[in-house]
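Close look at the chain arrangement
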Amino acid sequence: MIATILDTIGHTPLIRIPNTNKANEGQVLLKYERYNPGGSIKDRAAIYIVEEAERRGLLKPGGAIIESSSGNFGISLAMIGAAKGYRVIILVDPKTTSANLALLKGFGAEVIVVTEQDDSGSYHKTRISLANKLAREIENSYRPDQCFNLLNSEAHYNSTAREIVDSCSNKIAAFVTAVSTGGQLGGISKYLKRVAPNVQIIGVDAVGSAIFGGRSDSYRIPGIGLSWTPLNLNMEYVDCAYKITDEQAFLAARAFARHEGILMGPSSGACALVALKMAQELAPDQCIVCMVSDGGERYIPTLFNDEWMEEQGFAAAADIASIRAMARQLQPWSTHPADSVNERLDLIQSLEVPDSTLRMNEEVLAREHSNSERSITID
Ligand SMILES: Cc1ncc(COP(=O)(O)O)c(C=O)c1O
């Protein structure tokens, strides 16, 4: 079949890390999302939401897509907008890397840098509320609203989770992924708990983020974290949560490039470290599926810049033995994440979440309800 660029989203490979992961322990399988055409897992939710909006007439030819994103989701929308002919406006913040800004602009998106911090010291709330305001002001515009739109997790329930189960359902002992909007963890955990209830579901967040409780503080890991528990994440499906420091995440991502030849961003370095911890506690016939949300090229000015690492006070490199030891020493932040849910439903009003999102959510919840009454059979 001759495909368009958008037909190449998804169906990413599972890859091993044989130099770091020993043969006599659980086997880590990285779901390598860098191979999506926009370079990250966010292509999946972006195309799913855009095409649903088109089907419902919420996004019409010549329309504008407006979104708050510090990088990957915005890049996915910009790519899709370029391919489908939409105007795309992305609200980023000062943490957005120069590479991401260049990519957004390369795909023709208009970029607004939001510099006002919210009450947690991050930019999530100020970005979202400005995006909602613009969507009310700009005619023929659509807000995908990755943070509050439940289509985000539904996208992963219907694509990423099914791919994982189709590849290795009978061997998965644990599933590890990072969290921000909760799209990945929310959608994949829901599917896995239905078809393989014994799989341990592990969420990975940044020290400084409050998704799994605790105090908000600043952190450097791009793409993850939030100062509340996102709507897309149902904590009932999450068995355990880890919080990883900036230095651990950056060092791990550098180590997997150096010792496995695998490029990944810092959020994925954090996840791979947790996966390696699980591996050291499991048997060789048990798999740990670990999401690698994007590649490392986006972070060249930071992650692969020795001077930047030194400026942060981070070590420059870690060999395989130290990465394994660092992984082994990790301790869960919570083994009952459902006890520390901080959903903040008040934000729906205070950030003026669009009606289109709330109406869509009612439909997603109704679909979910009817799905839960049907059994899923797998080979
Ligand atoms: C690099 C990276 N890792 C992890 C995540 C978290 O994914 P989600 O928003 O689906 O929770 C994101 C989200 O932006 C990301 O960009």
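Criteria and cut-off values
Residues numbered from 1 in each chain as written. Predicted model: local features only at pLDDT ≥ 70, side-chain atom pairs only at ≥ 80, totals over all residues. Heavy atoms only, no water. Near = heavy atom within 4 Å. Polar contact = N/O pair within 3.5 Å; in protein donor to acceptor, adjacent residues only side chain to side chain. Areas by Shrake-Rupley, 256 points an atom, 1.4 Å probe, with all protein chains shown as cover. Domains from an automatic or database assignment. Contact = heavy atoms within 4.5 Å. Buried area = accessible area lost by both parts, 1.4 Å probe. Pairing = 2+ DSSP bridges. Helix = DSSP H or I, 4+ residues; strand = E, 2+ residues; numbered from the N terminus. Axes fitted to C-alpha atoms, helices over the stretch in contact; angles between N-to-C directions. Expected span 1.5 Å × (residues − 1). Buried < 20%, exposed > 50% of the residue type's maximum accessible area, 1.4 Å probe, protein only. Disulfide = S-S within 2.5 Å. Right-handed = clockwise from strand over helix to strand, strands pointing away.

**Quick look at the site of the ligand**
Residues in close proximity to the ligand total 15 residues, the closest being Lys 42, Ser 180, Thr 181, Gly 182 and Ser 267. Interatomic distance of 2.7 Å between a side-chain N/O atom of Lys 42 and an oxygen atom of the ligand. Contact between the ligand and Ser 180: an oxygen atom at 2.7 Å from a main-chain N or O atom of the residue. Protein chains bury 95% of the 380 Å² of accessible surface belonging to the ligand in isolation.

**Structural notes on the domain arrangement of the chain**
Reports often express the size of an interface as the amount of accessible area lost when the parts come together. Per the domain assignment, the segments of the chain are domain 1 (5-35 + 159-339) and domain 2 (42-149). Each of domain 1 and domain 2 was reduced to a C-alpha centroid, and the two centroids are 25 Å apart. At the interface, 26 residues of domain 1 touch 25 residues of domain 2. A buried area of about 2,100 Å², summed over both sides, lies between domain 1 and domain 2, and 59% of it is on carbon and sulfur atoms.

**With respect to the sheet that holds strand 4 (residues 87-92)**
Strand order in the open sheet made by the four strands is 5-4-3-6, with parallel pairing throughout. Two strands in the sheet have a free side with no partner beyond their single neighbour: strand 5 (110-113) and strand 6 (141-142). The sheet contact formed by strand 3 (residues 64-68) and strand 4 spans five bridges and is parallel. From the neighbouring strand, Ile 66 faces strand 4, where its bridge partner is Ile 89. Along the sheet face, helix 2 (residues 72-84) touches strand 3 and strand 4 and points at about 170° away from the line of strand 4.

**Observations regarding the sheet that holds strand 1 (residues 14-16)**
Pairing in this open sheet of six strands is mixed, and the strands run 1-2-10-7-8-9 from one edge to the other. Strands with a single pairing partner mark the edges of an open sheet, and in this sheet they are strand 1 and strand 9 (240-244). Here the strands of the sheet are splayed against their neighbours by 25° on average, with no regard to which way each runs. Looking at chain direction, strand 7 (residues 172-178) and strand 10 (residues 287-292) are connected through four bridges and run parallel. Along strand 10, the bridge assignment pairs Val 176 with Cys 290.

**Looking at helix 2**
Here helix 2 is 13 residues long and its end C-alpha atoms lie 18 Å apart, about the 18 Å a rise of 1.5 Å per residue gives. With respect to burial, helix 2 is a largely interior element, ten of its 13 residues being buried. For helix 2, every residue scored as buried is listed here: Asn 72, Phe 73, Gly 74, Ile 75, Ser 76, Leu 77, Ala 78, Met 79, Ile 80 and Gly 81. Elements that come into contact with the buried residues of helix 2 comprise helix 1 (42-55), strand 3, strand 4 and helix 3 (98-106). Gly 85 lies just past helix 2 and shows a positive phi near 85°.

**Some words on the state of the cysteines**
Taken as a whole and assessed by the stated rule, the structure comprises zero disulfides. Cysteine Cys 147 shares no disulfide, and the gap to the nearest cysteine sulfur, in Cys 271, comes to 18 Å. Free cysteine: Cys 287, not disulfide-bonded; nearest cysteine sulfur from Cys 168 at 5.6 Å.

**A closer look at unusual backbone geometry**
Despite not being glycine, Asn 140 has its phi angle at roughly 55°, a positive value. When you line up the elements, Asn 140 lands in the loop between helix 4 (124-137) and strand 6. A positive phi is found at Glu 352, a non-glycine position, where the angle reads about 55°. Considering the arrangement of structural elements, one finds Glu 352 in the loop between helix 12 (346-350) and helix 13 (355-372). Given the relative accessible area of 44%, Glu 352 is considered partly exposed.

**Points about the side chain of Arg 44**
Its location among the elements puts Arg 44 in helix 1. Classification of Arg 44 as buried rests on a relative accessible area of 4%. At 3.2 Å, the side chain of Arg 44 and the side chain of Ser 159 are in polar contact. Excluding residues that lie within four positions of it along the chain, Arg 44 makes contacts with Ile 9, Gly 10, His 11, Thr 12, Lys 31, Glu 33, Asn 36, Ala 155, His 156, Ser 159, Thr 160 and Glu 163.

**What about the pairing of strand 8 (residues 200-206)?**
Walk down a regular strand and you will see the side chains alternate between the two sheet faces. With respect to burial, strand 8 is a largely interior element, six of its seven residues being buried. Pairing analysis gives five bridges linking strand 7 to strand 8, with the strands arranged parallel. When the bridges of strand 8 are listed, Val 176 appears paired with Ile 202. Note that the unit made of strand 7, helix 7 (residues 183-195) and strand 8 has a crossover that is right-handed.

**Examining the side chain of Lys 125**
Mapped onto the secondary structure, Lys 125 falls in helix 4. Judged by relative accessible area, Lys 125 falls into the buried class, the value being 9%. Aside from chain neighbours lying at most four places away, what touches Lys 125 is Asp 118, Asp 119, Ser 227, Trp 228, Arg 344, Leu 347 and Leu 351.

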